[in-house]
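Below are the chains, spelled out letter by letter.
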Amino acid sequence: MGILIINIKTLLQVEDQPKKWVSGKDMNTLPNIENAFLLLEDELITDFGSMNSAPEHHTHEVIDATGKIVLPTWCDSHTHVVYAGNREQEFVDRINGLSYEEIAIRGGGILNSAKRLQEASEETLYEQSAARLEEVMKLGTGAIEIKSGYGLTTEAELKILRVAKRLNQNYPVTIKTTFLGAHALPLDYKDNKAGYMDLVINDMLPKVASEELAEYVDIFCEKGYFDLEDTKQLLEAAKEYNLIPKIHVNQFNAFGGVGLGVKYNALSVDHLEELNEEDIEALKGSNTMAVALPSCSYFLSIPYTPARRIIDAGLPIAIATDFNPGSTPSGNMNFVVSTACIKMKMTPEEAINAATINGAYAMGLSETHGSICKGKKANIMITKEVPSYNYLPYSFGENCIEQVYIEGKSIS
Ligand code: NIG
Ligand code: FE
């Protein structure tokens, strides 16, 4: 017995053949069917179409979606969901005038989170992370990438990735993992970056690979963190283990990280708040997805990724949350979609494409996730009654998602 959803006001993001991504002008089109039905069987989407072709004699559970929109669940391709505790004190410090950089220099920031995570047991870390994951699933996230990077010791980095793997086993949401040992220099290596790079490359990386804990590798390529040389060294080493790059670049400074990522065939280059023409040129003709993180810009009051320039150059863009304790303590993809429209001047069609099919691409999942397509995962959400899909980003802060199904299972 399957689940048959009938009388759907608009079934959004439908496709006949899975596509890799949507780019440039095509991002402004969101294929849809008015007055539609959708059939989910076992874990998959098995049929959909106009109501006049809906199956008549059947034994399926029927859901009436009159007045409601059905769309694929969000694909959040950049998060750090597995972290311990929070950084609410730094939030207050920033309100009182300290900058993100000043807090980091004082030993706050990533190092603060690393200390908490090193002290937390694997069980506590699992419980805190599972609670966050459950929240974002209810908000419509059906596939998510999770990075390490708040461990900064071999043991703690492996702990994060093991927790992420366990979450993947215990929840229907698809989780992709990324090794981000090169996120910040731990205090013990304050004046010894080469020593830390050696630890990341020669101790952490082989262990992550031998336990098959990650598919992707990441580095915070930024002034004051890791430079182009470090990035090159890490990506070169990661090749040996077939780890694909998905890297943090251009958050505060543009100095060639995008081009380097493209050269190493990165699946995605993420942040891009600072983007120059060379970066745009490097992305053209590549297989690398540009990923913007609007709620990070919102929370830190830094520039937004220039999505218009990226799209107008004919390129694809994905949007993700960056859920983490320091720069984005929120995993709400609905807010990300709204903010992309409000602050980055993306149209609702572009933002929804960026948060579904393009987000799926940025996790290597566009064949199974990110659209309503026969044979893809039964990952869908049903909104409450809304006038049109434009209402979803328009009514920012309002939760329009009434029901979520991930791999055919109802999430509540
Ligand atoms: O993606 N930019 C680097 N890392 C995280 C946040 C780091 C933190 O403050 O904890 C990010 O924004
Ligand atoms: Fe991040």
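As a reminder, the structure under discussion sits directly above these lines.
Residues numbered from 1 in each chain as written. Chains lettered and ligands numbered in written order. Predicted model: local features only at pLDDT ≥ 70, side-chain atom pairs only at ≥ 80, totals over all residues. Heavy atoms only, no water.

### Some thoughts on the overall build of the protein chain
Thought 1: Across its full length, the protein chain carries 15 helices and 16 strands.
Thought 2: In terms of C-alpha radius of gyration, the protein chain reaches 21 Å, essentially the compact-globule figure of 22 Å for 412 residues.
Thought 3: Principal axes of the C-alpha set define a box for the protein chain whose edges measure 70 × 45 × 45 Å.
Thought 4: Counted over contacts in the protein chain with a minimum sequence separation of 6, partners at least 24 positions apart contribute 74%.
Thought 5: As displayed, the protein chain has an accessible area near 16,000 Å², and 48% of this comes from carbon and sulfur atoms. (Helix = DSSP H or I, 4+ residues; strand = E, 2+ residues; numbered from the N terminus. Rg over C-alpha atoms; globule rule 2.2 N^0.38 Å. Contact = heavy atoms within 4.5 Å. Areas by Shrake-Rupley, 256 points an atom, 1.4 Å probe, with all protein chains shown as cover.)

### Some points on helix H13 (residues 348-355)
Thought 1: When you tally the buried positions in H13, you get eight out of eight residues, the bulk of the element.
Thought 2: Within the sequence span of H13, burial applies to Pro348, Glu349, Glu350, Ala351, Ile352, Asn353, Ala354 and Ala355. (Buried < 20%, exposed > 50% of the residue type's maximum accessible area, 1.4 Å probe, protein only.)

### Structural notes on the site of ligand 1
Thought 1: Taken together, 15 residues lie around ligand 1, and Arg87, Tyr100, Tyr150, Gln251 and Ser327 are the ones closest in.
Thought 2: In the environment of ligand 1, a nitrogen atom lies 2.7 Å from a nitrogen or oxygen atom belonging to the side chain of glutamine 251.
Thought 3: Contact distances for ligand 1 include 3.0 Å between an oxygen atom and a side-chain N or O atom of histidine 271.
Thought 4: When ligand 1 sits alone it has 330 Å² of accessible area, and the protein chains cover 100% of it.
Thought 5: More than half of the atoms belonging to ligand 1 lie within 2 Å of the grid points that define the largest cavity.
Thought 6: Of the residues contributing to the shell around ligand 1, the split by class is four nonpolar, nine polar and two charged. (Near = heavy atom within 4 Å. Polar contact = N/O pair within 3.5 Å; in protein donor to acceptor, adjacent residues only side chain to side chain. 1 Å grid on protein atoms, 1.4 Å probe; cavity = no way out; pocket = protein on both sides within 12 Å on 5 of 7 lines; lining within 4 Å. Sits in = over half its atoms within 2 Å of the grid points. Nonpolar A, V, L, I, M, F, W, Y, C, P; charged D, E, K, R; others polar.)

### Digging into the pattern of salt bridges
Thought 1: Following the criterion strictly, the structure yields 25 salt bridges and no others.
Thought 2: As a salt-bridge pair, lysine 68 and glutamate 402 come within 2.7 Å of each other at their nearest N and O atoms. Taken as a pair, lysine 68 in strand E5 (residues 68-72) and glutamate 402 in strand E15 (residues 401-406) lie far apart in primary sequence, 334 residues in all.
Thought 3: By relative accessible area, which is 43% here, glutamate 402 ends up partly exposed.
Thought 4: The partner of arginine 308 in a salt bridge is glutamate 350, and the shortest N-O contact between them spans 2.8 Å. With arginine 308 in helix H11 (residues 307-312) and glutamate 350 in helix H13, the pair connects residues that are 42 residues apart, well separated along the chain.
Thought 5: Through salt bridges with shared partners, a single network forms among Glu15, Lys19 and Lys376. (Salt bridge = Lys/Arg side-chain N within 4 Å of Asp/Glu carboxyl O.)

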